[in-house]
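The chain contents come next:
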Amino acid sequence: MRSQKGFTLMELLVAMFVAGIVMAGVYSAYYSQQKSFLVQDELAEMQQNLRAAMFFMAREIRMAGCNPTGGADAKIVQKDDGTIHFTMDLRGKDPDDPADGDTSDPNEDITYTLADLDGNGIMEMVRDTGGGQQIVAENIDALDFRYLDENGAITGSAMLVRSVQITIVARTGRGDLGYQDTTSYTNLQGAEILPPPNDNFRRKTLATNIKCRNLGLL
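Scope of this entry: the structure provided in the associated data block. The structure presented is a predicted model; accordingly, all values stated were derived computationally and were not measured.

What counts and how
- Residues numbered from 1 in each chain as written.
- Predicted model: local features only at pLDDT ≥ 70, side-chain atom pairs only at ≥ 80, totals over all residues.
- Heavy atoms only, no water.
- Pairing = 2+ DSSP bridges.
- Helix = DSSP H or I, 4+ residues; strand = E, 2+ residues; numbered from the N terminus.
- Axes fitted to C-alpha atoms, helices over the stretch in contact; angles between N-to-C directions.
- Core = buried A, V, L, I, M, F, W, Y, C linked by side-chain atoms within 4.5 Å.
- Buried < 20%, exposed > 50% of the residue type's maximum accessible area, 1.4 Å probe, protein only.
- Contact = heavy atoms within 4.5 Å.
- Phe/Tyr/Trp six-rings, centres within 6.5 Å; stacked < 30°, edge-to-face > 60°.
- Lys NZ or Arg CZ within 6 Å of the ring centre and 35° of its normal.
- Polar contact = N/O pair within 3.5 Å; in protein donor to acceptor, adjacent residues only side chain to side chain.

On the basis of which strands lie adjacent, the open sheet formed by 5 strands has the order β1-β2-β3-β4-β5 and antiparallel pairing. In the strand order of this sheet, the two ends are held by β1 (76–79) and β5 (133–137), each with one partner. Geometrically, the sheet is characterised by an average inter-axis angle of 20° between neighbouring strands, direction not taken into account. Two strands pair when backbone bridges link them, and strand β2 (residues 84–87) and strand β3 (residues 109–115) are joined in this way by 4 bridges, in the antiparallel orientation.

Of all hydrophobic cores here, the largest spans 32 residues; its most connected members are M57, I61, F86, F145, V164, I166 and I168. Among the elements of the structure, α1 (9–62), β2, β3, β6 (140–148), β7 (163–171) and β10 (203–211) are those that each provide at least two residues to this core. The dominant element in this core, judged by the number of residues it contributes, is α1, at 9 residues. Among residues more than four places away in sequence, those in contact with F86 are E60, I61, A64, K75, I76, V77, E108, D109, I110 and Y112. If you look at the next biggest cluster of nonpolar residues, it comprises 5 residues, including V169, Y185, I193 and L194.

To continue, consider the packing of aromatic side chains. Overall, the coordinates contain 1 aromatic pair when judged by the stated rule. On the basis of an interplanar angle of 75° and a centroid distance of 5.2 Å, the ring pair of F55 and F56 is categorised as edge-to-face. Using a relative accessible area of 39% as the deciding quantity, one classes F56 as partly exposed. Sitting over the ring of F201, R171 keeps its end group 4.1 Å from the ring centre. It is R202 that lies over the ring of Y179; its NZ or CZ is 4.0 Å from the centre.

Turning our eyes to something else, we now look at the side chain of R203. Mapped onto the fold, R203 is located in strand β10. A polar side-chain atom of R203 sits 2.8 Å from a polar atom in the side chain of D199. Beyond its immediate stretch of four places on either side in the chain, R203 contacts M46, D141, V169, A170, R171, D181, Y185, L194 and P197.

Once that is clear, we can look at the environment of G152. Locating G152 in the fold gives a position in the loop between β6 and β7. Look at G152 and you get partly exposed, because its relative accessible area is 44%. Distance from G152 to G175, taken between C-alpha atoms, is 38 Å for residues 23 residues apart in sequence.

Structural data, given as structure tokens:
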């Protein structure tokens, strides 16, 4: 037993140093993977939120001006760059009734716009059918509408609108340290709708052109 030797202080220090390097490498790899996972999770949630909002809004705008009886005066009521208000005649008071010649039934008078309902500076895309604004999508930095006539040109007259171009810019719910968004976001016409935010939120743009098949029929 007296001939057996233990570790010297120098050997222990070297071993601790090597172990520290290995652990630092393991932690760095773990942190990098964890950060990548969180970023991808945020991006997936943002894209799902964005696509769902566009789907429902486009489906309803496509029906703007629906007027089977010819007496409902269904139309685009308000056409601002950031707000659209339109009416349609879908059915009567009962779900089984046909169109009844007015636009006073549920889901026949609709407005889409942006609002900060919580007062925290974070904008949401909201839908209003007369009973108050309801959130359709959160973390929306820009909502842009452009109104085109039958020739595809921008028109200032609601009576001449035949299609609507929609552009939405959404952002992630959490920032990404080490990332800076310096992108200038534009609509399908090339006009800037959101200047470079210069923050650490990641963003995505979704745009489409909706043909309002019921406008201009009567």
